[in-house]
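The primary structure of each chain is shown beneath.
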Amino acid sequence: MKVGKVDHIGIAVKDLEASLKFYEDILGLECIATEVVEEQKVKVAFIPVGDTEVELLESTDEAGPIAKFIEKKGEGIQHIAFKVDNIEEAIETMKAKGVRMIDETPRYGAGGARIAFCHPKSTNGVLIELSER
Ligand code: ZN
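Read on for a plain summary of the structure. (Residues numbered from 1 in each chain as written. Predicted model: local features only at pLDDT ≥ 70, side-chain atom pairs only at ≥ 80, totals over all residues. Heavy atoms only, no water.)

## Quick notes on the pairing of strand 5 (residues 76–84)
- In the sheet, strand 1 (residues 3–13) pairs with strand 5 via seven bridges, with the strands oriented antiparallel. Residue pairing across strands places I11 opposite I77, the latter belonging to strand 5.
- Note that strand 5 and strand 8 (residues 128–132) share four bridges and pair parallel. When the bridges of strand 8 are listed, I80 appears paired with I128. (Pairing = 2+ DSSP bridges. Helix = DSSP H or I, 4+ residues; strand = E, 2+ residues; numbered from the N terminus.)

Have a look at this one:
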């Protein structure tokens, strides 16, 4: 398994449009696209920063994982995604090394990526996403 870079940082926000103002008006970055990912009940805004991205995540459903995250912890960094070359190989490597996986098979991720989440119990409390684009 080879980790290429930090693919993106996922930030849970209550209001996507309002939150974008900070990144665009203050930091001078640009949101290049938004996408609703029905499976994860989330609307995502993609903001490139150098060779990585910030992804703002707004829940589209009060029972969705982002809504639950904000309810428990408030707005903030929700996950970090690492780019991998081969998602199946990465999942098998993680499992072989004793990492508890939330996803044992790849699922669809925003932007057309194939992703899998590692359980925070195996990663010092950080929700880590493996992402193959
Ligand atoms: Zn992500």
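## Brief notes about the sheet that holds strand 1
- In space, the eight strands of this open sheet follow the order 2-3-4-1-5-8-7-6, with mixed pairing throughout. The open sheet has two edge strands, strand 2 (33–37) and strand 6 (107–109), and neither has a second partner. Along the sheet, successive strands turn relative to each other by an average axial angle of 35 degrees, direction set aside.
- Where strand 3 (residues 42–49) meets strand 4 (residues 52–59), eight bridges bridge the pair, whose relative direction is antiparallel. When the bridges of strand 4 are listed, V44 appears paired with L57. (Axes fitted to C-alpha atoms, helices over the stretch in contact; angles between N-to-C directions.)

## Section: a positive patch on the surface
- On the surface, a cluster of positive charge is made up of K41, K68, K72 and K73.
- When you line up the elements, K72 lands in helix 2 (residues 65–73).
- Overall, the relative accessible area of 73% leaves K72 in the exposed class. (Patch = residues over 30% accessible without salt bridge, like charges linked within 9 Å, V, L, I, M, F, W, Y side chains within 5 Å. Areas by Shrake-Rupley, 256 points an atom, 1.4 Å probe, with all protein chains shown as cover. Salt bridge = Lys/Arg side-chain N within 4 Å of Asp/Glu carboxyl O. Lys, Arg positive; Asp, Glu negative; His and termini not counted. Charge placed at Lys NZ, Arg CZ, Asp CG, Glu CD. Buried < 20%, exposed > 50% of the residue type's maximum accessible area, 1.4 Å probe, protein only.)

## Re the coordination of the zinc ion
- Around the zinc ion, the protein contributes the donor atoms H8 (NE2), H79 (NE2) and E129 (OE), at 2.0 to 2.1 Å from the metal centre.
- Between consecutive donor residues of the zinc ion, the sequence gaps follow H-x70-H-x49-E. Highlighted residues: H79 in strand 5 and E129 in strand 8, separated in sequence by 50 residues. (Donors = N, O, S within 2.8 Å, 3.2 Å for Na, K, Ca; no water.)

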